[in-house]
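Inside the fold
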Amino acid sequence: MSRSSTAVRTNLLALLVALLPCTALAQSPDGGPVSVLGSEALQIGGLIQTDAYLGQEAGDGFRARSVRVRLGGRAESLSYVVQTELTSPEVLLDAVTRLSLTDRVQLSAGLFKTPYSGEILTPRPNLLFAERARVVNSLSPARQVGATLSGDLIPDRLTATVGAFNGTNGLQANDNDHLLYVGRLASTSPTGPGTLTLGANAGYSIDDQVQAPRPVSFSGRRFLIGGDARLDAERWLLAGEVHYAALDPDDPARDTYTPLGYYVAGGVDVAPSHQLVARFDRYDPDAPELTSPDHQVTLGYNFFATSAVRALINYQAPTTDLTDGFITLRLQAALQ
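Quick summary incoming for the structure in this document. (Residues numbered from 1 in each chain as written. Predicted model: local features only at pLDDT ≥ 70, side-chain atom pairs only at ≥ 80, totals over all residues. Heavy atoms only, no water.)

**Looking at the environment of His-243**
Turning to its location among the elements, His-243 is positioned in strand E12 (residues 236-249). Beyond its immediate chain neighbours, meaning those up to four positions away, His-243 contacts Tyr-116, Ser-117, Val-135, Val-136, Leu-139, Asn-201, Ile-225, Gly-226, Pro-259, Leu-260 and Gly-261. Of the polar contacts made by the side chain of His-243, one reaches the side chain of Tyr-116; its length is 3.5 Å. (Helix = DSSP H or I, 4+ residues; strand = E, 2+ residues; numbered from the N terminus. Contact = heavy atoms within 4.5 Å. Polar contact = N/O pair within 3.5 Å; in protein donor to acceptor, adjacent residues only side chain to side chain.)

In structure tokens form, the structure reads like this:
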């Protein structure tokens with residue numbers, strides 16, 4: 001680890017410790033962020049995830065999966081979020097400012113998640129499983145520097161978001177004179193005793209040596225399209241996503257390749273604070289540098305000890321040999 005990275009982590013931890021006395025009288029009882037001096041202008045959140053893993057090829061052991069500090073706030077029509085990940089070489093996760101132009105239109109700019117994939121847009125503490133599905137991690141543009149304009153076409157029911165980004169991950173500079181353009185439609189509607197959430201997104205860019213699909217380096221034209229759905233009905237939930245990419249390389253000796261994947265997940269609350277979940281996912285990278293397509297299943301158990309503390313157990317294995325899997329045990333504390 002470089003001296004500069006170590007200094008950044010040390011300063012962030014020192015800032016958090018210095019602010020703790022200010023927050024002692026303003027802690028949220030529902031697991032939400034902590035307001036400094038009771039003001040919305042500065043709120044502190046965070047996430048700690050500690051894993052134990054058994055049966056992985058690298059061996060058994062422990063790891064700090066995520067250690068995040070989140071600062072945010074709101075003043076009139078302006079809000080901001082700065083979030084760090086202390087376990088990553090790239091410490092800064094988010095640095096975004098949002099301005100409400102009207103009651104139904106919002107402008108966002110900075111480093112943040114592109115509006116693509118319902119699972120990517122789900123905060124890490126709220127994921128059903130320890131990790132996102134392979135196709136989501138491989139094809140979604142994830143966090144980039146850029147700007148979006150979003151508006152409520154139907155208040156509380158239908159939202160449209162369009163944006164332009166560098167086309168490169170994180171704080172990396174734009175790789176050429178072209179941008180990544182992304183759009184998303186998302187709807188939420190009551191369905192009987194539950195709620196149905198639907199999303200559709202698309203993206204287009206001309207790239208120069210970016211990871212698409214991850215971790216393959218790609219130069220050429222990239223077209224992305226995907227959709228997601230989630231149904232929450234009392235004790236039950238059902239969710240799924242499908243994603244497709246058409247990658248047309250600049251290299252004439254290489255054919256266009258078309259990664260495709262999907263997942264289907266379900267869950268049931270077997271008792272208050274106790275949830276069983278299962279996921280089936282398939283991903284075909286259609287790239288010789290990556291492994292051939294396969295099917296995987298993940299079985300999980302979530303225990304919500306409090307609104308801020310959660311424990312989970314996941315077992316993930318290929319469907320060709322359900323005994324050849326590995327176990328992840330996680331303890332999580334989050335203030336969102």
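**Quick word on the environment of Phe-303**
As for its placement among the helices and strands, Phe-303 is situated in strand E15 (residues 294-304). Given a relative accessible area of 29%, Phe-303 falls into the partly exposed group. C-alpha of Phe-303 to C-alpha of Leu-101: the two residues are 202 residues apart in sequence and 40 Å apart in space. The contact partners of Phe-303, leaving out residues within four places of it in the chain, are Ser-273, His-274, Val-309, Arg-310 and Ala-311. (Buried < 20%, exposed > 50% of the residue type's maximum accessible area, 1.4 Å probe, protein only.)

**A short note on the packing of aromatic side chains**
For the coordinates displayed, the defined rule picks out three aromatic pairs. Each ring, one from Phe-218 and one from Tyr-257, has its centre 6.1 Å from the other, and the planes form 85°; the classification is edge-to-face. In this pair, Phe-218 is assigned in strand E11 (residues 217-233) and Tyr-257 in the loop between E12 and strand E13 (260-271), connecting sequence segments 39 residues apart. Judged by its relative accessible area of 2%, Phe-218 falls in the buried class. Ring plane angle 45° and centroid distance 6.2 Å describe the contact between Tyr-262 and Phe-280, whose orientation is recorded as tilted. (Phe/Tyr/Trp six-rings, centres within 6.5 Å; stacked < 30°, edge-to-face > 60°.)

**Some details on the nonpolar core**
Ranked by internal contacts, the top residues of the largest apolar core, which has 28 residues, are Val-136 and Tyr-257. Where this core is concerned, the elements lending two or more residues are helix H3 (134-139), strand E9 (180-191), E11, E12, E13 and strand E14 (274-284). Other than its neighbours up to four places away in sequence, Tyr-257 contacts Ala-212, Pro-213, Val-216, Phe-218, Ala-245, Ala-246, Leu-247, Pro-249, Pro-285, Asp-286 and Ala-287. (Core = buried A, V, L, I, M, F, W, Y, C linked by side-chain atoms within 4.5 Å.)

**Quick word on the side chain of Thr-168**
With respect to the helices, strands and loops of the structure, Thr-168 is situated in the loop between strand E8 (158-165) and E9. At 3.0 Å, the side chain of Thr-168 forms a polar contact with the backbone oxygen of Gln-172. In terms of polar contacts, Thr-168 uses its side chain to reach the backbone carbonyl oxygen of Ala-173, at 3.1 Å. When sequence neighbours within four positions are dropped, the list of residues in contact with Thr-168 reads Arg-143, Gln-144, Ala-173, Asn-174, Asp-175 and Val-210.

**Quick word on the pairing of strand E3 (residues 61-75)**
As paired elements, strand E2 (residues 43-54) and E3 share 11 bridges and run antiparallel to each other. From the neighbouring strand, Ile-44 faces E3, where its bridge partner is Leu-71. The antiparallel hairpin formed by E2 and E3 contains six residues in its connecting segment, where Gly-55 sits at a positive phi of about 95°. As judged from the eight bridges shared by E3 and strand E4 (residues 78-85), these two strands associate in the antiparallel manner. By the bridge assignment, Leu-71 is partnered in E4 with Val-82. The loop that links E3 with its antiparallel partner E4 comprises two residues; one of these, Glu-76, has a positive phi angle of about 55°. (Pairing = 2+ DSSP bridges.)

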